[in-house]
4 protein chains.
Amino acid sequence: MDTDLNQEIFSWPIRVYYEDTDAQGLVYFANYFKFMERARTEWLRSLNVEQDKLLYEQKRHFVVIEANAKFLKPARFNEQLVATARLAGLTRATFLIEQNIYRKNLDGELLCKGLTTAAYVNADTQKPVRVPVSFFKEPKNVL
Amino acid sequence: MDTDLNQEIFSWPIRVYYEDTDAQGLVYFANYFKFMERARTEWLRSLNVEQDKLLYEQKRHFVVIEANAKFLKPARFNEQLVATARLAGLTRATFLIEQNIYRKNLDGELLCKGLTTAAYVNADTQKPVRVPVSFFKEPKNVL
Amino acid sequence: MDTDLNQEIFSWPIRVYYEDTDAQGLVYFANYFKFMERARTEWLRSLNVEQDKLLYEQKRHFVVIEANAKFLKPARFNEQLVATARLAGLTRATFLIEQNIYRKNLDGELLCKGLTTAAYVNADTQKPVRVPVSFFKEPKNVL
Amino acid sequence: MDTDLNQEIFSWPIRVYYEDTDAQGLVYFANYFKFMERARTEWLRSLNVEQDKLLYEQKRHFVVIEANAKFLKPARFNEQLVATARLAGLTRATFLIEQNIYRKNLDGELLCKGLTTAAYVNADTQKPVRVPVSFFKEPKNVL
């Protein structure tokens, strides 16, 4: 793997609202995948990749082709969590993102260990296309 | 209002899964709007209106422009509900649908009283277009 | 209505993720109700009301008993929105919250006008109980 | 593994509504996990296991501790799908369920291959407890 790639851990705060929980009083398991996707989106934004521009101007989007998660500890209603994204692998048309969810902050209890594989796809043909390496080499947007 | 219109009550069964509930142990209020939309979709299907064909072949879709609901009694995890749809009004480009949700069946306890206003819209321009009256005069699909 | 009550407009930023949109390319209408609930929750937090403590320590929760919304303009994938909450009425056991959603910020285009009625409820009996007026008179948390 | 266990494939129909899709025009990936959970719930119901009774009367629930899925082909708005559940492994306190999603019916195109690990848990202590083997040996409910 190209060692020049931006492999820092990106993190994004997540608050647990009623919408995220279920009758067990805990975060509904499928919603952790939404939390991971928010972190991926914000991580891409931090690398200057805005997915609406990709989709509407360049007819490209990311498609999740594999999603795996281990749920180690439950999160409860109203808790503050943090979700991470870190590039863990890159092929011609796919990339692998390591994603964890912690209670409170990065020093908090590890609640969920996730691994997401996304493909970079032509939105018209749904065929995979080469991931622009620049995505992961850009200096961070300083806003 | 045209009295020839199909104004029967259409009903559609809904099972409450974990995904529909929240940490209060009850159905999360916003999810009743999803239940009502499932009933609307199936009601339209019973009138031979398939929304994917409308959207992809005719570039038309329905857009909810107003949604109101009173939540009278809570529904719990794993309960069987029924959601209804009945045409309650029709203008040139909008239609009003009365939608109730009952516990178990139409004779069960009334849980939620809803009223949805949908516009019929050109999917490219997002401008309202005339609702084909035929939607509501078709004989029921015997399939 | 008691004119001492805290009637300022509270606002909370909302980013539109894929999870919030539907095949029309727009925010799915029922998800605006989730956005409004996030704003209500954060507004209550700004008034020192933490709903998990209420629920688990005092056996009290808020139940939405009526939700109304007019959807004026669509929001699209990846847009930045803001949702508001303002106390618009208070009875013995219910309160009425005016909630709007704007594009970008409070000066942006008004997308959705909402009105939520919530009851304050004993979580064990599901019976309404008196809303502590202190909720809305507390000085703002300076955190 | 005990070869007496009920290892048939259970299947459950799923209709794709707007709520399930996203701005890519396809089913939002995390929602496949909800589809799988509906199939698991109905499979358990077919084995006479009602999860609300378990939760409220016996203080037991199932907790997903690992969820994996490969998304092979996209499903679109308004399509009819079918989701399956089949017991693929059983330990003292966990069980492994193989879950696939097909277009139309079991002979249709395979869209998603999933594997879910659930633990059987004491709802008060959140500690794992022994899965009653009877769950998977009961004759089918003839209702």
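Computed from a predicted structure; not experimentally measured.

Participant: Now, about helix α1 (residues 29-46) of chain C: what can you tell me, with residues and values included?
Facilitator: All names here are of chain C. With 18 residues, α1 extends 27 Å from end C-alpha to end C-alpha; this agrees with the ideal 26 Å at 1.5 Å per step. Among the 18 residues that make up α1, 18 are buried, leaving the element largely enclosed by the rest of the structure. Once α1 ends, the next one or two residues include Asn48, with phi positive near 70°.

Participant: Describe in detail the relation of the copies chain B and chain D, supporting the description with residues and values.
Facilitator: Least-squares fitting of chain B to chain D yields an RMSD of 0.0 Å, with the superposition described by an axial translation of 0.0 Å and a rotation of 180°. Viewed as a symmetry operation, the transformation between the two copies matches a two-fold axis. Taken as a fraction of all interface residues of chain B, those also at the interface in chain D reach 100%, which identifies the copy contact as same-surface.

Participant: So what's going on with the packing of helix α1 (residues 29-46) of chain B against α1 of chain C? Residues and values would help.
Facilitator: The interhelical angle for the contact between α1 of chain B and α1 of chain C, taken along N-to-C directions, is 175°, at an axis separation of 9 Å. Accordingly, the angle class assigned to the pair α1 of chain B and α1 of chain C is roughly antiparallel. Note on element contacts: α1 of chain C touches α1 of chain B through Phe29, Ala30, Phe33, Lys34, Glu37 and Arg40 of chain C, opposite Phe29, Ala30, Phe33, Lys34, Glu37 and Arg40 of chain B. Of the residues assigned to the contact of α1 of chain B with α1 of chain C, the class counts are six nonpolar, no polar and six charged.

Participant: Give me the lowdown on the environment of Phe29 of chain C, citing residues and values where you can.
Facilitator: Examined against the element boundaries, Phe29 of chain C turns out to sit in helix α1. Judged by its relative accessible area of 8%, Phe29 of chain C falls in the buried class. Through-space distance from the C-alpha of Phe29 of chain C to that of Pro74 of chain C is 8.9 Å; in sequence the pair is 45 residues apart. Ignoring any residue separated from it by four or fewer positions in sequence, one finds Phe29 of chain C in contact with Phe33, Glu37, Arg40, Val64 and Ala67 of chain B together with Phe71 of chain C.

Participant: Can you break down the relation of the copies chain A and chain D residue by residue, with the values?
Facilitator: Superposition of the two copies of the chain requires a rotation about an axis together with a shift along that axis. Once turned by 180° and shifted 0.0 Å along the axis, chain A lies on chain D with an RMSD of 0.0 Å. Both copies present the same face, since 100% of the interface residues in chain A are matched by interface residues at the equivalent positions in chain D.

Participant: Any chance you could break down the interface of chain B and chain D for me, citing the residues and the numbers?
Facilitator: Between chain B and chain D, the contact holds 20 residues from the first and 20 residues from the second. Where chain B abuts chain D, roughly 2100 Å² becomes buried across the two surfaces, and 44% of that area is made up of carbon and sulfur atoms. Joining chain B to chain D, the criterion identifies two salt bridges. We note a salt bridge from Glu19 of chain B to Arg38 of chain D, for which the minimum N-O separation is 2.8 Å. Put simply, chain B and chain D have 10 residue pairs in polar contact (both at pLDDT 80 or more) between them. Listing elements by their share of the side of chain B that touches chain D, those giving two or more residues are β1 (10-15), α1 and α2 (51-57) of chain B. Broken down by element, the side of chain B that touches chain D gets its largest block of residues, six residues, from α1 of chain B. When grouped by side-chain class, the residues that make up the side of chain B that touches chain D number six nonpolar, five polar and nine charged.

Participant: So, the interface of chain A and chain D: which residues are in play, and what are the values?
Facilitator: Listed as interface residues are 25 residues of chain A and, on the opposing side, 25 residues of chain D. A combined buried area of about 2100 Å² lies between chain A and chain D, and 57% of that area is made up of carbon and sulfur atoms. Here chain A and chain D share zero salt bridges between them. Across the chain A-chain D interface, the total number found is 10 residue pairs in polar contact (both at pLDDT 80 or more). Per element, the largest residue contribution to the side of chain A that touches chain D is 11 residues, and it comes from strand β2 (residues 60-71) of chain A. Of the strand pairs in this sheet, β2 of chain A and strand β2 (residues 60-71) of chain D are connected by five bridges, and their pairing is antiparallel. Bridge pairing in β2 of chain D places Lys70 of chain A opposite Glu66 of chain D.

Participant: Go over the sheet that holds strand β3 (residues 80-90) of chain B, please, and point to the residues and values.
Facilitator: Strand order across the open sheet formed by 10 strands is β1(B)-β3(B)-β4(B)-β5(B)-β2(B)-β2(C)-β5(C)-β4(C)-β3(C)-β1(C), with antiparallel pairing between neighbours. The two strands at the open ends of the sheet, each matched to only one other strand, are β1 of chain B together with β1 (10-15) of chain C. Direction aside, the axes of adjacent strands within the sheet are offset by 25° on average. Bridge count for strand β4 (residues 94-103) of chain C against strand β5 (residues 110-122) of chain C is nine bridges, and the pairing is antiparallel. Bridge pairing in β5 of chain C links Ile97 of chain C to Thr116 of chain C.

Participant: Could you give an account of the pattern of salt bridges, with specific residues and numbers?
Facilitator: This structure, assessed with the given rule, holds 28 salt bridges over all chains. A salt bridge links Lys73 of chain D to Glu109 of chain D; the shortest N-O distance between them is 3.9 Å. Within this pair, whereas Lys73 of chain D is found in the loop between β2 and β3 (80-90), its partner Glu109 of chain D is found in the loop between β4 (94-103) and β5 (110-122), the two being separated by 36 residues in sequence. Taking relative accessible area as the criterion, Lys73 of chain D reaches 41% and is therefore assigned partly exposed. What emerges from the salt-bridge pattern is a single network uniting Lys73, Glu79, Arg103 and Glu109 of chain A.

About the cut-offs
- Every chain is numbered on its own, with residues counted from 1 as its sequence reads.
- As they are written, the chains are lettered A onward and the ligands numbered 1 onward, keeping that order.
- For a predicted model such as this one, the threshold for reporting local features is a pLDDT of at least 70, and the threshold for listing and counting side-chain atom pairs is 80 or more; totals across whole chains, interfaces and linings nevertheless cover every residue.
- As a rule here, side-chain values come from all non-hydrogen atoms in the structure, and water together with hydrogens is ignored.
- Counting from the N terminus, the helices are DSSP H or I runs at least four residues long and the strands are E runs at least two residues long.
- Multiplying 1.5 Å by the helix residue count minus one yields the expected span of that helix.
- The cut-offs for exposure are 20% and 50% of the maximum accessible area for each residue type, with area from a 1.4 Å probe on protein chains only; residues under the lower value are buried, those over the upper are exposed, and the others partly exposed.
- Least squares is the method for superposing the copies, and the C-alpha atoms it fits come from residues with pLDDT of at least 70 in both.
- Whether two residues are in contact is decided by their heavy atoms: any pair within 4.5 Å suffices.
- Between N-to-C directions, angles span 0 to 180 degrees; the directions come from axes that are lines fitted to C-alpha atoms, helices contributing only their stretch in contact.
- These descriptions rest on fixed angle ranges, namely under 35 degrees for roughly parallel, over 145 for roughly antiparallel, 65 to 115 for roughly perpendicular, and the rest for oblique.
- All residues other than Ala, Val, Leu, Ile, Met, Phe, Trp, Tyr, Cys, Pro, Asp, Glu, Lys and Arg, Gly among them, are scored as polar; the first ten of these are nonpolar and the last four charged.
- By definition, the buried area sums, over both parts, the 1.4 Å-probe accessible area that each loses when the two are put together.
- One side-chain nitrogen of Lys or Arg within 4 Å of one carboxyl oxygen of Asp or Glu is enough to make a salt bridge.
- For this analysis, a polar contact is any N or O atom pair within 3.5 Å, provided that within protein one partner can donate a hydrogen and the other can accept it, and provided that sequence-adjacent residues contribute only side-chain to side-chain pairs.
- For two strands to be treated as a pair, DSSP must find at least two bridges joining them.

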